Amino acid sequence: MPFTETFSEFYTKVKSSLDDGTFAKLTLAKTIGNTDLMNIYVRPVVEENELKLELKYKFQKEEIFEIHTIDSTFKRLLEFINNPFLSAILFTTEFDLIYKLNKKRAVSITEQFPSFAHASPVLLEFLADKN
């Protein structure tokens, strides 16, 4: 997988935002062509007192959910980078981080002002209970 290194760098920021309580959501978007799978939305969930991530696959006619550990989510999402998704956006309360592939499949990672003022309530509750 040619995007392992760059997506790993991006995913490090995802894990950091989960650790520090600033994670709002993660979205994979901008598909190549007209695909059945339109988006993948990632949000934190707590299962058996462990923080995990729920992946919601939004298809044109249905939605499918999977729950993964934080580390296994990386491998699962990596399968979809460049096929079919050209971008991943991490929304945090401090910044939005955009992982984007252009037509030549060159990767750019850019930071923008945050779109969300509040982190995921599930994440904040989990971190509060942990402390």
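Predicted model, so just to flag it, every value in this text is computed and none were measured.

Scanning the protein chain from terminus to terminus reveals 3 helices and 7 strands. Ordering the α and β elements of the protein chain from the N terminus gives α-β-β-β-β-α-β-β-β-α. By the compact-globule yardstick of 14 Å for 131 residues, the protein chain fits well, its C-alpha radius of gyration being 14 Å. For the protein chain, the C-alpha atoms occupy an extent of roughly 45 × 30 × 25 Å along the three principal directions. Contacts in the protein chain between residues far apart in sequence, at least 24 positions, make up 50% of those at least 6 positions apart.

This brings us to the side chain of Thr27. With respect to the helices, strands and loops of the structure, Thr27 is situated in strand β1 (residues 23–31). Assessed through its relative accessible area of 8%, Thr27 is described here as buried. With sequence-adjacent residues up to four places away left out, Thr27 is seen in contact with Asn39, Ile40, Tyr41, Ser87, Ala88, Ile89 and Phe91.

Below, the discussion takes up the pattern of salt bridges. In this structure the tally under the stated criterion is 6 salt bridges. Here Glu79 ties to Arg76 by a salt bridge, and the two come within 2.8 Å at their closest N and O atoms. The network of salt bridges with shared partners includes Glu66, Arg76 and Glu79.

Ranked by size, the top nonpolar core spans 34 residues in total, and within it Phe7, Phe10, Ile40 and Leu77 carry the most contacts. Breaking this core down by element, the ones donating at least two residues are α1 (4–20), β1, β2 (37–47), β3 (50–59), α2 (70–78), β5 (85–92), β6 (96–101) and α3 (121–130).

Our focus in this paragraph is the environment of Ile64. Topologically, Ile64 is positioned in strand β4 (residues 63–68). You can call Ile64 partly exposed: its relative accessible area is 34%. The spatial distance from the C-alpha of Ile64 to the C-alpha of Pro44 is 16 Å, given a sequence separation of 20 residues. Look past the residues within four positions of Ile64 in its chain and what remains in contact with it is Leu55, Lys56, Tyr57 and Phe59.

Here we take up the environment of Thr92. As for its placement among the helices and strands, Thr92 is situated in strand β5. As for Thr92 and Asn49, which are separated by 43 residues in sequence, their C-alpha atoms are 23 Å apart. If we skip the residues at most four places from it in the chain, Thr92 touches Ser17, Thr22, Ala24, Pro114 and Phe116. Polar side-chain contacts of Thr92 include one of 3.1 Å to the backbone nitrogen of Glu94. Separated by 2.6 Å, the side chain of Thr92 and the backbone oxygen of Phe95 make a polar contact.

Take the packing of aromatic side chains next. Taken as a whole, this structure holds 9 aromatic pairs when the rule is applied. Note on Phe7 and Tyr99: the rings are 5.3 Å apart at their centroids and 85° apart in plane angle, and the pair reads as edge-to-face. In this pair, Phe7 sits in helix α1 while Tyr99 sits in strand β6, placing the two residues 92 residues apart along the sequence. For Phe7, a relative accessible area of 0% puts it in the buried group. A connected cluster of aromatic rings, assembled from ring pairs, spans Phe7, Phe10, Tyr11, Phe74 and Tyr99. Over the aromatic face of Phe91 sits the side chain of Lys25, whose NZ or CZ is 5.4 Å from the ring centroid.

How each quantity is defined
- Residues numbered from 1 in each chain as written.
- Predicted model: local features only at pLDDT ≥ 70, side-chain atom pairs only at ≥ 80, totals over all residues.
- Heavy atoms only, no water.
- Helix = DSSP H or I, 4+ residues; strand = E, 2+ residues; numbered from the N terminus.
- Rg over C-alpha atoms; globule rule 2.2 N^0.38 Å.
- Contact = heavy atoms within 4.5 Å.
- Buried < 20%, exposed > 50% of the residue type's maximum accessible area, 1.4 Å probe, protein only.
- Salt bridge = Lys/Arg side-chain N within 4 Å of Asp/Glu carboxyl O.
- Core = buried A, V, L, I, M, F, W, Y, C linked by side-chain atoms within 4.5 Å.
- Polar contact = N/O pair within 3.5 Å; in protein donor to acceptor, adjacent residues only side chain to side chain.
- Phe/Tyr/Trp six-rings, centres within 6.5 Å; stacked < 30°, edge-to-face > 60°.
- Lys NZ or Arg CZ within 6 Å of the ring centre and 35° of its normal.

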